[in-house]
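Notes for the structure review
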Amino acid sequence: MPKVDAIVKIENVVASADLKQNVDLNRIVRHYPNVEYRPEQFPGLVFRLENPRTATLIFNSGKMVCTGAKSEDEARDAILRIIDELRRSGIISEGEHELQIQNIVASANLKGLIDLERTAYALGRIIYEPEQFPGLIYRMDDPPVVILLFSSGKLVCTGAKKEEAVYRAVKKLHQFLEDENLIYYSSE
């Protein structure tokens, strides 16, 4: 059966920002009553957005960490929206900020069954201990990502800093599995 392109889904994009100024978290709480801030439990404040649906941790050092975005653009938009809100409220001043994508987690379905035992020998740079974990852990060099690969043909890709790297990694692994006859497609 001919290869079917994998269906890749971005599950979470983690981005960080540095406002390069201190932030008064108590002022944020006064301006935005829906934020979560319990300094006795955790030093950061949680600022949630509905669109894009994200949660951003803000620390008094001016560092921010955004999670929950489904794309690089969504992560950037979420952080920039919060920065704009904080500027409009007078909580932070105008100034530079640094924004970086830290990690992209994606899932994919290769639509075939994979012989993990043979794949473990063929790939290299893997951890495969089926008694402890049902998947094979593969550290890819180029692009530098980690892939959890399961016999069902499903996988999780983590460690990418760009969406393009996720797609390239999945395509490269899929091609390798095809070339080495390690993936089997049902005839249905």
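Use the structure listed above.
Everything numeric in this text was worked out from a predicted model, so none of it was measured.

For Pro-143, the position within the fold is in the loop between β9 (136-140) and β10 (145-149). Along the sequence, Pro-143 and Ser-186 sit 43 residues apart, while their C-alpha atoms lie 30 Å from each other. If sequence neighbours within four positions are ignored, Pro-143 has contacts with Ala-165, Arg-168 and Ala-169.

Attention shifts here to unusual backbone geometry. With an omega of 0°, the peptide bond between Asn-51 and Pro-52 qualifies as cis. Backbone torsion omega between Asp-142 and Pro-143 reads 0°, so that peptide bond is classified as cis. The backbone phi angle of Lys-111 is positive, close to 60°, even though this residue is not glycine. Inspection of the secondary structure assignment puts Lys-111 in the loop between β6 (98-109) and β7 (113-114). The exposure class assigned to Lys-111 is partly exposed, which follows from its relative accessible area of 39%.

Here we come to the pairing of strand β4 (residues 54-58). In terms of residue burial, β4 counts as a mostly covered element, since four of its five residues are buried. Here strand β3 (residues 45-49) pairs with β4 via five bridges, running antiparallel. Its bridge partner lying in β4, Val-46 is registered against Leu-57. Taking the residues between adjacent antiparallel strands as the criterion, β3 and β4 are bridged by four residues. By the bridge criterion, four bridges tie β4 to strand β5 (residues 63-69) in an arrangement that is antiparallel. The residue bridging Ala-55 from the neighbouring strand is Thr-67, located in β5. Connecting β4 to the antiparallel partner β5 that follows it, the hairpin turn spans four residues, and Gly-62 within it adopts a positive phi of roughly 95°.

What counts and what doesn't
Residues numbered from 1 in each chain as written. Predicted model: local features only at pLDDT ≥ 70, side-chain atom pairs only at ≥ 80, totals over all residues. Heavy atoms only, no water. Helix = DSSP H or I, 4+ residues; strand = E, 2+ residues; numbered from the N terminus. Contact = heavy atoms within 4.5 Å. Buried < 20%, exposed > 50% of the residue type's maximum accessible area, 1.4 Å probe, protein only. Pairing = 2+ DSSP bridges.

In short, shape yes, function no, at least from these values alone.
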